[in-house]
Amino acid sequence: MSVIMQVDDAKLKRWRDERCWSQEHLAETAGVSLRTVQRLERGESVSRETVMALAAAFDVGVEALMIDPLETAREADEKRRRSMKEQAQLAFWIHLATYIGVIGLLLAIDRTDAHATFWVTWPAIGWGVGVFAHGAAVLISSFAGGDR
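It should be emphasised that the depicted structure is a prediction, and the values quoted were computed from it without experimental measurement.

### A closer look at the side chain of aspartate 8
- Turning to its location among the elements, aspartate 8 is positioned in the loop between strand E1 (4-5) and helix H1 (9-18).
- No salt bridge is formed by the buried aspartate 8. Its closest oppositely charged neighbour is lysine 11, at 4.4 Å.

### Observations regarding the packing of helix H2 (residues 23-30) against helix H3 (residues 34-41)
- In contact at an axis separation of 8 Å, H2 and H3 are set at 115 degrees when each is read in the N-to-C sense. What the angle tells us is that H2 and H3 run roughly perpendicular. For the pair H2 and H3, the sense of crossing is right-handed. Counting all contacts with H2, which are made through Gln23, Glu24, Leu26 and Ala27, the residues of H3 involved are Leu34, Val37, Gln38 and Glu41.

### Things to note about helix H6 (residues 69-112)
- Compared with the 64 Å implied by 1.5 Å per residue over 44 residues, the 64 Å span of H6 between its first and last C-alpha is a close match.
- Those residues of H6 that sit buried are Phe92, Tyr99, Ile103 and Asp110.

### With respect to the nonpolar core
- Of all hydrophobic cores here, the largest spans 21 residues; its most connected members are Val7, Leu12, Leu26, Val51, Leu54, Phe58 and Leu65.
- The leading source of residues in this core is helix H4 (residues 48-58), at six residues.
- Setting aside its immediate chain neighbours within four residues, phenylalanine 58 contacts Leu12, Trp15, Arg16, Arg19, Trp21, Leu26 and Leu65.
- In this structure, Tyr99, Ile103, Ala124 and Val138 belong to the second largest nonpolar core, which totals six residues.

### A look at the packing of aromatic side chains
- Applying the stated rule across the entire model yields four aromatic pairs.
- Between tryptophan 21 and phenylalanine 58, the aromatic rings sit 5.5 Å apart at their centres with planes inclined by 15 degrees, giving stacked as the arrangement. Remark: phenylalanine 58 occurs in helix H4 and tryptophan 21 occurs in the loop between H1 and H2; sequence separation between them is 37 residues.
- On the basis of relative accessibility, which here comes to 3%, the residue phenylalanine 58 falls in the buried class.
- Through successive ring pairs, a cluster of aromatic residues spans Trp15, Trp21 and Phe58.

Definitions and limits used
Residues numbered from 1 in each chain as written. Predicted model: local features only at pLDDT ≥ 70, side-chain atom pairs only at ≥ 80, totals over all residues. Heavy atoms only, no water. Helix = DSSP H or I, 4+ residues; strand = E, 2+ residues; numbered from the N terminus. Buried < 20%, exposed > 50% of the residue type's maximum accessible area, 1.4 Å probe, protein only. Lys, Arg positive; Asp, Glu negative; His and termini not counted. Salt bridge = Lys/Arg side-chain N within 4 Å of Asp/Glu carboxyl O. Axes fitted to C-alpha atoms, helices over the stretch in contact; angles between N-to-C directions. Parallel < 35°, antiparallel > 145°, perpendicular 65-115°, else oblique. Left-handed = near helix turned anticlockwise from the far one by under 90°. Contact = heavy atoms within 4.5 Å. Expected span 1.5 Å × (residues − 1). Core = buried A, V, L, I, M, F, W, Y, C linked by side-chain atoms within 4.5 Å. Phe/Tyr/Trp six-rings, centres within 6.5 Å; stacked < 30°, edge-to-face > 60°.

In C-alpha cells, the structure reads:
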C-alpha cells in the first residue's frame, strides 16, 4: 500500500517554470505520466513514489516538495490580519462619511431656524472627538502590528 502525499503545487509550478520545463518534459524527466504532473499542479494528492521521482528530477529532497504547514499557517494569519486592517479602515471611512452627512444636515436645519444660536456646534464637537479617536485608533493599530 502506498502512502498518499500532498505536494506544494505552487512550488512545483514555480520550479518547473524557472527551469523552462514543459509539463511533458517534467513527466519524462521524473518518469511519471503527463496526467500525473497535471494532477499535481492542480493540487491533487499522489503516492510517495511519485513524490520521490519528482524530487529526483528536481535534485532536491522529498521534504522540499511538500507543503509546509507552518508557512501555510503564516500566510493564512497574514491574510487574516490584512483583512481585519482593511475592515477597520473601511469602518472609519463609513463613520467619517456619516459624520459629515449628518452634521451637514444638522447645519442646514440650524441655518433655517429663526434662532441664531448655532446649536449644531455642540453635536459637531462631541461626535467629532469620537471620529478623531476612531481614526487615531485605526492609524495607531496599523503602525503597531498591521504592517509587517
